[in-house]
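Structural characterization, general
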Amino acid sequence: MTLTQLRTMLKGMSEEQKNTFLLEYYKRLSKQDKEMFALLLELTKDNKPLPDKKAKIIDLKAAEKKYPAFVDGLFNYPYRSPNAQRKIKKQVKSFVDELPLMPPEAEGYEEVLLFYKKVIALICLAAEDLGTYPAYFFRILGLSMVKCFDTLISMTLARKTTPDLLEDLVHFAGLTEIAEEDYEGIEILDHIANRIKNGDLRMEMLEHCESALTKESEVVELEVESPEQKSIRQAYSEFYLLLSEREGAFEDACSFLKNTFGAQQANETISLYQKDMEKLRQAENQRIAQAMATEN
């Protein structure tokens with residue numbers, strides 16, 4: 001039935017018939033479809049924008065039932081048969097593709113966001129356990145680490161953009177050790193920085209970074225810094241330098257790092273940041289050249 005046919009049929013029905021139809025149709029929907037129906041009804045009633053047509057309510061209980069097998073599959077991926085590896089890739093793709101379809105306005109959105117975050121973290125942990133880099137393991141699974149983190153950024157900031165949420169993303173980048181990747185880590189941090197459109201918010205984030213780095217310096221001084229803490233420090237440092245460069249305060253940021261961590265360690269961090277940024281620029285130029293070549 002086309003929309004035109006549906007409109008014509010509805011025009012020929014009484015209010016009582018319409019109500020009977022709607023109630024009967026609602027009864028026959030699945031639990032997730034009922035939730036989507038209720039959400040669309042509420043948003044329409046309040047004259048608010050409707051979710052994308054591809055949006056769907058995620059059955060989180062069903063996803064959680066698949067999680068233990070998912071964990072086992074990732075951590076034992078190299079030792080599985082080719083057929084089993086294809087099944088693992090299919091499950092990963094299912095999680096990565098479907099979880100972001102949850103509308104931010106829906107009840108249970110935060111739980112779905114947390115589950116997506118857990119999936120991304122697990123891939124990074126499995127990569128570390130298998131002795132490889134996260135970006136490489138993402139590629140083995142048929143995914144782009146940068147795109148997966150971009151989705152996480154979008155989901156995290158879908159409702160609002162606050163310093164706490166932005167800092168949580170930077171901390172997560174360090175926790176998953178992507179800051180120690182080639183240029184992919186700095187690219188993800190750059191994409192987080194791109195979400196800060198407000199100058200006041202950018203200044204507030206610089207203060208948050210300085211506070212976090214000052215705390216990290218206490219751990220460094222005690223010489224008890226773990227590899228995980230080192231990765232978190234690197235993520236905060238590179239993000240701090242990124243924002244400072246955009247504010248025209250790069251030299252001031254370098255001075256802060258030197259005063260906080262000492263000249264030697266700060267210079268190592270600054271040098272790594274500059275190398276990563278150069279690699280990122282080269283990669284972006286290469287992508288542009290490839291796109292132009294394709295167009296021609």
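Residues numbered from 1 in each chain as written. Predicted model: local features only at pLDDT ≥ 70, side-chain atom pairs only at ≥ 80, totals over all residues. Heavy atoms only, no water.

**Quick notes on the overall build of the protein chain**
Stated formally: Helix and strand labels come from DSSP, where a helix needs a run of H or I of at least four residues and a strand needs a run of E of at least two; each type is numbered from the N terminus. When accessible area is computed with a 1.4 Å probe and restricted to protein chains, residues below 20% of their type maximum are described as buried, those above 50% as exposed, and intermediate ones as partly exposed. When checking whether two residues touch, look at their non-hydrogen atoms; a contact exists if any pair is within 4.5 Å. We score Asp and Glu as negative and Lys and Arg as positive, and we do not count His or the chain ends. A charge is said to be at NZ when it belongs to Lys, at CZ for Arg, at CG for Asp and at CD for Glu.
Of the regular secondary structure elements, the protein chain holds 14 helices and 0 strands. Mapped in sequence order, the helices and strands of the protein chain form the string α-α-α-α-α-α-α-α-α-α-α-α-α-α. For the protein chain, the spread of C-alpha atoms along the three principal axes comes to 80 × 50 × 50 Å. Burial statistics for the protein chain: of 296 residues in total, 40% are counted as buried. Pairs at least 24 residues apart make up 68% of the contacts formed inside the protein chain by residues separated by at least 6 positions. Side chains of the protein chain give 39 positive and 50 negative charges; the mean places of these two sets differ by 11 Å.

**Looking at the nonpolar core**
For clarity, the cut-off: Here the nonpolar core consists of buried residues drawn from Ala, Val, Leu, Ile, Met, Phe, Trp, Tyr and Cys, with membership extended through side-chain atoms lying within 4.5 Å.
Ranked by size, the top nonpolar core spans 82 residues in total, and within it Leu74, Val92, Ile123, Phe239 and Leu257 carry the most contacts. Ignoring sequence-local partners within four residues, the contact set of leucine 74 consists of Ile88, Val92, Leu122, Ile123, Ala126, Leu130, Phe137 and Leu141.

**Quick word on the packing of helix α12 (residues 227-246) against helix α14 (residues 263-295)**
Rules: To get an axis, fit a line to the C-alpha atoms, keeping to the stretch in contact for a helix; angles then go from 0 to 180 degrees between the N-to-C directions. Oblique is the label for every angle not falling under 35 degrees (roughly parallel), over 145 degrees (roughly antiparallel), or within 65 to 115 degrees (roughly perpendicular). For a crossing to be left-handed, the near helix must be turned anticlockwise from the far one by less than a right angle; the clockwise case is right-handed. As a working rule, the residues Ala, Val, Leu, Ile, Met, Phe, Trp, Tyr, Cys and Pro are called nonpolar, Asp, Glu, Lys and Arg charged, and the rest polar, with Gly in that last group.
One can describe the packing of α12 onto α14 by two numbers: an axis separation of 10 Å at closest approach and a directional angle of 65°. The angle between the axes of α12 and α14 places the two elements in the roughly perpendicular class. The way α12 lies across α14 gives a crossing that is right-handed. The segment α12 lies against α14, with Arg233, Gln234, Ser237, Glu238, Leu241, Leu242 and Glu245 engaging Gln265, Thr269, Ile270, Leu272, Tyr273, Asp276, Met277 and Arg281. Looking at side-chain class alone, the contact of α12 with α14 contains 6 nonpolar, 4 polar and 5 charged residues.

**Points about the environment of serine 244**
Keep this limit in mind: What qualifies as a polar contact is a pair of N or O atoms within 3.5 Å, subject to a donor-acceptor requirement within protein and to the restriction that residues adjacent in sequence count only when both atoms come from side chains.
Along the polypeptide, serine 244 turns up in helix α12. Looking at serine 244, the relative accessible area reads 3%, which means it is buried. Put simply, serine 244 and cysteine 254 are 10 residues apart on the chain and 9.2 Å apart in space, counted from C-alpha to C-alpha. Residues contacting serine 244, with those up to four places away along its chain left out, are Leu206, Ala249, Phe250 and Ala253. Within the structure, the side chain of serine 244 is placed 2.8 Å from the backbone oxygen of tyrosine 240, a separation counted as a polar contact.

**What to know about unusual backbone geometry**
The phi dihedral of asparagine 47 is positive, around 55°, even though this residue is not glycine. Looking at where asparagine 47 falls in the secondary structure, it is placed in the loop between α3 (31-45) and α4 (60-75).

**Notes on the pattern of salt bridges**
Under the convention used in this document: A pair is scored as a salt bridge if a Lys or Arg side-chain nitrogen falls within 4 Å of a carboxyl oxygen belonging to Asp or Glu.
Summed over the entire model, instances satisfying the criterion amount to 14 salt bridges. A salt bridge links lysine 117 to aspartate 168; the shortest N-O distance between them is 2.7 Å. Here aspartate 168 lies in helix α9 (residues 163-175) and lysine 117 lies in helix α6 (residues 109-129), a separation of 51 residues in the sequence.

**Thoughts on the packing of aromatic side chains**
Note the following rule: What counts as a ring pair is set by centres within 6.5 Å for rings of Phe, Tyr and Trp (its six-membered ring), and what kind of pair is set by the plane angle: stacked under 30 degrees, edge-to-face over 60, tilted for all other angles. A ring has a charge above it when a Lys NZ or an Arg CZ is no more than 6 Å from the ring centre and no more than 35 degrees off the ring normal.
Inspection of the entire model under this criterion finds 11 aromatic pairs. Consider the rings of phenylalanine 21 and tyrosine 25, whose centres lie 6.0 Å apart with planes at 20°: the pair is stacked. Here phenylalanine 21 pairs with tyrosine 25, and both are found in helix α2 (residues 15-27), just 4 residues apart, close to one helical turn. A residue is classified by how much of its surface remains accessible, and tyrosine 25, at 42% relative accessible area, is partly exposed. Here the aromatic cluster, defined as three or more aromatic residues joined through ring pairs, consists of Phe21, Tyr25, Tyr26 and Phe37. For lysine 118, the ring lying beneath its charged end belongs to tyrosine 67, and the centroid distance is 4.5 Å. Against the face of phenylalanine 261 rests arginine 233, its NZ or CZ located 5.6 Å from the ring centre.

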